[in-house]
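# Descriptive structure summary
Single-letter residue listing:
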Amino acid sequence: MQKADWNGDCRSRTKRGFAMVTARITVDGELMPISPAAPTTTLLEFLRQWGFTGSKEGCAEGECGACSVLLARAGVVGRTEWIAVNACLIPVAALDGQEVVTAEGLGTPGALHPVQRELAVRGGSQCGYCTPGFVCSMAAEYYRPDRAAADGAADAEHGPNGFDLHALSGNLCRCTGYRPIRDAAFAVGMPAADDPLARRVSDAPPEPVPTVLEQDGRAFVRPATLPAALDLLRERPDAVVVAGCTDWGVEVNIRDRRAGYVIAVDQLPELRELRVEPDHLELGAALTLTELERRLAGGVPLLSKLFPQFASRLIRNSATLGGNLGTGSPIGDAAPALLALGASVLLAGPVGEREVDLADYFTGYRRSVRRPDELIRAVRIPRPFARLCGFHKIAKRRFDDISSVAVAFAIDVEDGVVRTVRIGLGGVAATPLRARDTEAALLGRSWSPETIEVAVRILESEGTPLDDHRASAEYRRAMLGQSLRELYSRTGEEVHA
């Protein structure tokens, strides 16, 4: 294997912008060919085939974090950041030209990385199966450029060293009870000046490279531009479009689905813009949820309530709004919040771009108005935002779980009267939907317990909830009403102050 510097490998590209040389990836500083991996080979499979066995498969669907590794990406704060991702979900073909660091690459038995050392001395590892994944997720937080020692007292979720424990929300452990893992996280210091991975973040991130990986009649393709991607969609309407692969990776691993043609759009520059205009925000469909969370920095209060409840940090580091809406899932967490925000979807196609109100976007179970030759380019959210907002996710686990019900509210109250109201619902019908009848019952009425109780009864009748293994229909209806009561109890005094 050829040793590569941390700037990555730059190669010339020809023929419609696609790669004409062997796809390659840098793993722990070593430049490696991706071939003969198949287009469906995950990064986890690739690593283990090459002997990097620290990364483990625990769930194969991004819930346990045993497979996590570090990936060099363009930074929100610095030029480059080390981001933890689920190796079990990402096709290795998607990482052509990119840089990965595994638990083995962080340290050795004779020279442990500071994160590894703290986990060892504080009893944070027992059976050891999950430990390499914890190491990589902790290392991503360890190298976070804006991590700083806390000014005040630490709390249960933020250490005195500025460590955000939510960085580990996607890592599961059955042995330690988590306390020694938390102790280790809160004990790590700051990276040394001569730490090579710390130095790496001051350099430019690896450039995305156009890619074609073909084998046995199947192909993984990364076009360089949006027009090139649309050309491919016109030629291959059967293609599967992927971004973070947090949904498609599960289909491949758990349901053994295979696609003849996969088009990756996560690095298209046209899909990675965040625009702030006087009357709206435009969020690029391929920006990850972590990037949006950090770049918006609380600027959209309802989304600030959504992000921490959306799966886990590991998933948010890859998942995108475009992907969450593109799947058309009735239990995708983003849709209810975006419906409450009055968002629209910008669809790019061969003859131009069209804007569709998100309330009109979904047409049935995992179906939408998007045509096979169109891509979601961005999500547009009108400004200003409603003063009162709430996002309620009812699930069996606090983090990293699928919603039984999700409810989002965006309400303006002036002089004690509801002036505007939008309510988005998920998990109660074949599609995400607006609670139109409840909105009508609130609009123009006093923001009072009497109005709330009338609206609660209507909200409990919205949609067509089902009985399934996650919750009964009766429970789902009850949670709809309870979420409105909770919003009022939290905001009633604030509105009338």
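Residues numbered from 1 in each chain as written. Predicted model: local features only at pLDDT ≥ 70, side-chain atom pairs only at ≥ 80, totals over all residues. Heavy atoms only, no water.

## Remarks on the sheet that holds strand 12 (residues 280–284)
- Strand order in this open sheet of five strands is 11-12-17-13-14, and the pairing throughout is antiparallel. Across the chains shown, the open sheet's two edge strands, defined by having one partner strand only, are strand 11 (274–277) and strand 14 (352–357). The mean inter-strand angle of the sheet, taken between neighbouring strand axes irrespective of direction, is 20°.
- Pairing of strand 12 with strand 17 (residues 375–382), which is carried by five bridges, proceeds in the antiparallel orientation. Each bridged residue has a counterpart across the sheet, and for Leu-283 the counterpart in strand 17 is Val-379.
- Against the sheet, helix 7 (residues 226–235) contacts strand 13 (344–349) and strand 17, and its axis sits at roughly 125° relative to strand 17. (Pairing = 2+ DSSP bridges. Helix = DSSP H or I, 4+ residues; strand = E, 2+ residues; numbered from the N terminus. Axes fitted to C-alpha atoms, helices over the stretch in contact; angles between N-to-C directions. Contact = heavy atoms within 4.5 Å.)

## Looking at the nonpolar core
- Ile-25, Leu-303 and Leu-338 are the most contacted members of the largest nonpolar core, which has 78 residues in total.
- Looking at this core element by element, the count peaks at six residues for helix 13 (residues 334–340).
- The next biggest cluster of nonpolar side chains, apart from the first, holds 30 residues, and it includes Trp-82, Ala-139, Val-201 and Leu-314. (Core = buried A, V, L, I, M, F, W, Y, C linked by side-chain atoms within 4.5 Å. Buried < 20%, exposed > 50% of the residue type's maximum accessible area, 1.4 Å probe, protein only.)

## Quick look at the pairing of strand 7 (residues 211–215)
- With five bridges joining them, strand 7 and strand 8 (residues 218–222) adopt antiparallel strand pairing. Across the sheet, residue Thr-211 finds its bridge partner in strand 8, namely Arg-222.
- Hairpin connection, strand 7 to strand 8: the antiparallel pair is bridged by two residues, and Asp-216 has positive phi, about 50°.

## Here we look at the packing of helix 3 (residues 114–121) against helix 4 (residues 131–142)
- Taken N-terminus to C-terminus, the directions of helix 3 and helix 4 make an angle of 125°; their axes are 9 Å apart at the nearest point. As judged from the angle between their axes, helix 3 and helix 4 are oblique. Two packed elements cross with a definite hand, and for helix 3 against helix 4 that hand is right-handed. Residue-level inspection shows Pro-114, Val-115, Gln-116 and Leu-119 of helix 3 in contact with helix 4, the latter providing Thr-131, Val-135, Met-138, Ala-139 and Tyr-142.
- For the contact of helix 3 with helix 4, the per-class residue count stands at seven nonpolar, two polar and no charged. (Parallel < 35°, antiparallel > 145°, perpendicular 65-115°, else oblique. Left-handed = near helix turned anticlockwise from the far one by under 90°. Nonpolar A, V, L, I, M, F, W, Y, C, P; charged D, E, K, R; others polar.)

## A closer look at the pattern of salt bridges
- What the rule picks out here adds up to 31 salt bridges.
- The closest approach of N and O atoms between Glu-63 and Arg-397, which form a salt bridge, is 3.3 Å. Remark: Arg-397 occurs in the loop between strand 18 (388–394) and strand 19 (405–414) and Glu-63 occurs in the loop between helix 1 (43–49) and strand 4 (68–74); sequence separation between them is 334 residues.
- Given a relative accessible area of 35%, Arg-397 falls into the partly exposed group.
- Ionic pairing is found between Glu-374 and Arg-371, a salt bridge with its closest N-O pair at 3.0 Å.
- Linked by salt bridges that have partners in common, Glu-273, Arg-275, Glu-282, Glu-353, Glu-355, Arg-377 and Arg-380 make up one network. (Salt bridge = Lys/Arg side-chain N within 4 Å of Asp/Glu carboxyl O.)

## A closer look at the pairing of strand 3 (residues 30–33)
- Bridge analysis of strand 2 (residues 24–27) against strand 3 gives four bridges, and the strand direction is antiparallel. Bridged to Ile-25 within strand 3 is Met-32.
- Remark: two residues form the turn of the hairpin made by strand 2 and strand 3, two consecutive strands paired antiparallel; Asp-28 in that turn has positive phi of roughly 50°.

## A look at helix 4
- With twelve residues, helix 4 should reach 16 Å at 1.5 Å per residue; the first-to-last C-alpha distance of 16 Å fits that figure.
- In terms of burial, helix 4 is largely enclosed, as twelve of its twelve residues are buried.
- Considered for burial, the residues of helix 4 that qualify are Thr-131, Pro-132, Gly-133, Phe-134, Val-135, Cys-136, Ser-137, Met-138, Ala-139, Ala-140, Glu-141 and Tyr-142. (Expected span 1.5 Å × (residues − 1).)

## Considering the sheet that holds strand 18
- Read from one edge to the other, the open sheet built from four strands follows the order 18-19-20-21, with strand pairing classed as antiparallel. If you trace the sheet from one side to the other, it starts and ends with strand 18 and strand 21 (433–434), each paired once.
- With nine bridges connecting them, strand 19 and strand 20 (residues 417–426) associate as antiparallel partners. Residue Ala-406 lies in a different strand from strand 20, and its bridge partner there is Gly-426.

## Digging into the side chain of Lys-393
- Along the chain, Lys-393 turns up in strand 18.
- Setting aside its immediate chain neighbours within four residues, Lys-393 contacts Gln-309, Ala-311, Asp-333, Asp-401, Ile-402, Ser-403 and Val-405.

## Quick look at helix 9 (residues 289–296)
- Every buried residue of helix 9 is accounted for by Leu-289, Thr-290, Glu-291, Leu-292 and Leu-296.
- The inward-facing, buried residues of helix 9 abut strand 4, strand 11, strand 12, helix 10 (301–306), helix 11 (313–316) and helix 12 (321–326).
- At the exit of helix 9 stands Ala-297, carrying a positive phi of roughly 50°.

## Let's talk about the confidence of the model for the chain
- Considering every residue of the chain, the mean pLDDT works out to 92; 94% of them sit at 70 or more.
- This model gives residues 1–20 a pLDDT under 50, and the stretch forms 57 contacts once residues within four places in sequence are excluded. (pLDDT = per-residue confidence, 0-100.)

## Some words on unusual backbone geometry
- At the junction of Ser-35 and Pro-36, the peptide bond is cis and its omega measures out at 10° in the coordinates.
- Note on placement: Pro-36 falls in the loop between strand 3 and helix 1.
- Here the bond from Arg-383 into Pro-384 is cis, since omega is 0°, no more than 30 degrees from zero.
- On the secondary structure map, Pro-384 appears in the loop between strand 17 and strand 18.
- With a phi angle near 50°, Ala-297 is a residue other than glycine that sits in the positive phi range.
- Position of Ala-297 relative to the elements: it lies in the loop between helix 9 and helix 10.
- We classify Ala-297 as exposed; its relative accessible area is 63%.
- Positive phi values are uncommon outside glycine, yet Ala-311 reaches one of about 50°.
- With respect to the helices and strands, the residue Ala-311 is situated in the loop between helix 10 and helix 11.

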